[in-house]
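Chain residues, written in single-letter form:
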Amino acid sequence: MTLDFTHRAEVALRLNGRDLSAVVSPRTTLLDWLRDDIGLTGAKKGCNEGACGTCTVLVDGRRMNGCLTLVVQCEGRSVTTVEGLAADGGELHLVQRAFADHDAFQCGYCTPGQLMSAVACIAEGYATDDDSVREWMSGNICRCSAYPQITAAVLAAAREDAQMREARR
Amino acid sequence: MRDFAYARAGTPESAVGTLADPGTSVIAGGTELLNWFRLGIAAADRVVDIGGLDELRGIAMDGDDLRVGALATLNEIGEHPLVTRTAGALASACLQAASAQIRNRATIGGNVLQRTRCPYFRAEEPLPWPCNKRDPGSGCTSLAGRHERQAIFGWTRDCVAVQPSDPAVALAVLDARADVLGPAGPRTIPMREFHLTQREAAEAGQPMRETRLEPGELITGYRLPASADGQAYVKVRERASYEYAIVSAAASVRLDEARAAGARGQGAAGARGQGAAGAREQRIAAARVALGSVAQRPWRLTAAEAELPGTPLTREALIPVIERAMADAAPLPQNGFKVTMARNAAVRALLTAGGAS
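Residues numbered from 1 in each chain as written. Chains lettered and ligands numbered in written order. Predicted model: local features only at pLDDT ≥ 70, side-chain atom pairs only at ≥ 80, totals over all residues.

All names here are of chain B. Here chain B is partitioned into domain 1 (55-114 + 163-225) and domain 2 (230-353). Computed over C-alpha atoms only, the centres of domain 1 and domain 2 are separated by 22 Å. Taken together, the 22 residues of domain 1 in the interface contact 21 residues of domain 2. Of all the secondary structure elements, the ones that give two or more residues to the side of domain 1 that touches domain 2 are α5 (88-95) and α9 (166-173). (Domains from an automatic or database assignment. Contact = placed C-beta atoms within 7 Å. Helix = DSSP H or I, 4+ residues; strand = E, 2+ residues; numbered from the N terminus.)

Below, the structure is given as structure tokens:
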């Protein structure tokens, strides 16, 4: 029962709603693949060791660090980046709108990661109060220290999300 | 990161079959391995991916045991109702580890194999200073340098590092066993014996060995005896979230039912959330307690566990018991504060587990 080890690995995945397949060097991280091979530069390469959260993307709906994930580990999975948040017509996702409305950034470098983490934080049900948001958003660092505005934006987006779900019932 | 060859394992056996070659590494979540590769802590010619093995997934009761698959992520464990109900200290330890996005990748199989956060060890190659873990025989820079975060038990002059895993402390206090698959077949390793202090490793003639896992063995899961005892995991750190512990403590407490019934008219399971007034009447029937980030292994306070039955569940009564059990602490010049901090964490974990705080 020997396994075939390869230096050129095939991977098929769904990226922002589109099916893709690629042949990659196995050491390629999801982050490097998105930025260098696909040209999606929203996810940022901040620390490249899992400390800063600027590379946060969703894999099968769960937030993960793109720098700590090999693209070969995403075989058969669905990856969503910040570029996949807005609607096709360009209408912003409600979390993006809340960040703009609340001035939840200064330089904007961490914002793509903050947005992806916020989308997941709300879906997980942890966007309930300031303390919970701060705990469950702690994997995303903002060196400009826009934390109060980010916290307010996440809570506002969560309220709007809940209202929309209620209205759709 | 150096190039490597990659294969997806189809079965646990096929993965183990590749590990006879010491140049092969296993990847599950990858949150540690990829950083080891980047820093030069590990290098592999081949990486075998076990992430697709469904038989290593899942959290379920198996008779009286809670069975947690090696590929269960820290968030899956922390949020699972079976774990919060029967192994609350483990759930709490998992959710206090790392960040939300790392917890979605990091697996419980790999978590206990993470290596020390000692900054001298974690430097990028070429290493600018001696470190016996990175370059055996070169020396320990931390011993003569900064070591305020290092061990107070079990260290040697060759290495003073601590094991930083939060879940490992809970697994040790809950008497979990690791299911392991190796070339000779399956076996189990009690988690309270899984890690080795530097002194234990030296006595065994392998001073840099860190666990009882043999080369070529793979953790496939854990079994924990389900427990209705109150449990807690207390993590003391420099900021409230997303930080390694300075010290931590896990505890499980069963209260004396007869006394508890007299004091509160409820069983032990109802003890959580009771006020301090009722707690004055309560005595411990049985308790387990372990410290984290004080040694290269979770540090069970067995002497305290022998003494705790009959002890009132109060800070005043618990402090001397814990202090006696920690009498053999051997702090380094810069980390004497960890002895006091660990004592207080153990007391707080016991009080919380018993429902008194």
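Residues and elements named next belong to chain A. The interhelical angle for the contact between helix α3 (residues 111-124) and helix α5 (residues 147-168), taken along N-to-C directions, is 45°, at an axis separation of 10 Å. What the angle tells us is that α3 and α5 run oblique. The element α3 and its partner α5 pack so that their crossing is right-handed. Across the interface between the two elements, Q114, A118, C121 and I122 of α3 pack against I150, V154, A157, A158 and D161 of α5. (Axes fitted to C-alpha atoms, helices over the stretch in contact; angles between N-to-C directions. Parallel < 35°, antiparallel > 145°, perpendicular 65-115°, else oblique. Left-handed = near helix turned anticlockwise from the far one by under 90°.)

All names here are of chain B. If you walk across this open sheet you meet the five strands as β4-β5-β8-β6-β7, and the pairing is antiparallel. Two strands close off the open sheet at either side, each with one partner strand: β4 (59-62) and β7 (185-190). Shown here is a sheet whose adjacent strand axes are inclined to one another by a mean of 30°, direction ignored. As paired elements, strand β6 (residues 177-182) and β7 share six bridges and run antiparallel to each other. Across the sheet, residue G182 finds its bridge partner in β7, namely G185. (Pairing = 2+ DSSP bridges.)

Residues and elements named next belong to chain A. Looking at the assigned domains, one finds that chain A contains domain 1 (9-84) and domain 2 (94-168). A straight line from the C-alpha centre of domain 1 to that of domain 2 covers 21 Å. Taken together, the elements giving at least two residues each to the side of domain 1 that touches domain 2 come down to β3 (56-59) and β4 (62-65). Here the element with the most residues in the side of domain 1 that touches domain 2 is β3; it accounts for three residues.

Another aspect to go through is the sheet that holds strand β1 (residues 5-8) of chain B. Residue and element names in this part refer to chain B. Taken in spatial order, the three strands line up as β1-β3-β2 in an open sheet, and their pairing is parallel. The open sheet has two free edges, formed respectively by β1 and β2 (24-27), since each of these has just one partner strand. Sheet twist, expressed as the average angle between the axes of neighbouring strands with direction ignored, equals 25°. Relative to strand β3 (residues 46-49), β2 is paired through four bridges, and the arrangement is parallel.

This paragraph deals with the pairing of β3 of chain B. Residue and element names in this part refer to chain B. Looking at chain direction, β1 and β3 are connected through four bridges and run parallel. Its bridge partner lying in β3, A7 is registered against V48. On the question of chirality, the crossover connecting β2 to the parallel β3 by way of helix α2 (residues 33-39) is right-handed. (Right-handed = clockwise from strand over helix to strand, strands pointing away.)

It is worth spelling out α5 of chain B at this point. A turn of α-helix holds 3.6 residues, and therefore any two residues three or four places apart point the same way. Most of α5 of chain B is tucked away, with eight of its eight residues classed as buried. As for α5 of chain B, its buried residues are in contact with α3 (74-79), α4 (81-86), α6 (100-103), α9, β9 (230-236) and β10 (247-255) of chain B. (Buried ≥ 20, exposed ≤ 12 C-beta atoms within 10 Å, placed from the backbone.)

Counting 162 residues, the largest nonpolar core has V154 of chain A together with A349 of chain B as the members making the most contacts within it. Here this core takes nine residues from helix α15 (residues 337-353) of chain B, the largest share from any one element. Beyond its immediate stretch of four places on either side in the chain, A349 of chain B contacts A232, Y233, V234, A249, A250, A251 and V289 of chain B. (Core = buried A, V, L, I, M, F, W, Y, C linked by C-beta atoms within 7 Å.)

Residues and elements named next belong to chain B. Every buried residue belonging to helix α14 (residues 315-325) is among L318, V321, I322 and A325, and all of these are buried. Buried residues of α14, seen end-on, are gathered within an arc of 95° and therefore sit on one face of the element. Turned more than 90 degrees away from the buried face of α14, the exposed residues are E316 and R324. Where α14 is buried, its residues touch α13 (302-307) and α15. (Arc of directions from axis to C-beta.)

The next point concerns the environment of L218 of chain B. Residues and elements named next belong to chain B. Turning to its location among the elements, L218 is positioned in strand β8 (residues 218-225). For the pair L218 and A70, spaced 148 residues apart in sequence, the C-alpha separation works out to 9.3 Å. In this structure, L218 is in contact with P12, A15, V16, V26, V180 and L181, ignoring residues within four places of it in sequence.

Often, the extent of an interface is quoted as the loss of accessible area upon association of its parts. Taken together, the 29 residues of chain B in the interface contact 28 residues of chain A. Its residues assigned to classes, the side of chain B that touches chain A shows twelve nonpolar, eleven polar and six charged. (Nonpolar A, V, L, I, M, F, W, Y, C, P; charged D, E, K, R; others polar.)

What follows is about unusual backbone geometry. In this chain, E125 of chain B is followed by P126 of chain B through a cis amide linkage whose omega measures -5°. Within the chain, N48 of chain A stands out as a residue other than glycine whose phi angle is a positive 55°. Examined against the element boundaries, N48 of chain A turns out to sit in the loop between α1 (30-38) and β3. Look at N48 of chain A and you get buried, because 20 C-beta atoms sit within 10 Å. Its identity is not glycine, yet S145 of chain A carries a phi of approximately 65°, on the positive side.

This brings us to the packing of α14 of chain B against α15 of chain B. Residues and elements named next belong to chain B. Packing of α14 against α15 brings their axes to within 9 Å, and their N-to-C directions diverge by 130°. Our classification of the angle between α14 and α15 gives oblique. Note that α14 runs across α15; the crossing there is right-handed. For the pair α14 and α15, contact is made by R315, L318, I319, I322 and E323 and by R343, A346, V347, L350 and L351, respectively. Split by residue class, the contact of α14 with α15 holds seven nonpolar, no polar and three charged.

Looking now at the environment of E76 of chain B. Relative to the helices and strands, E76 of chain B is located in helix α3. Considering only alpha carbons, one finds E76 of chain B and L95 of chain B, 19 residues apart in sequence, at a separation of 9.4 Å.

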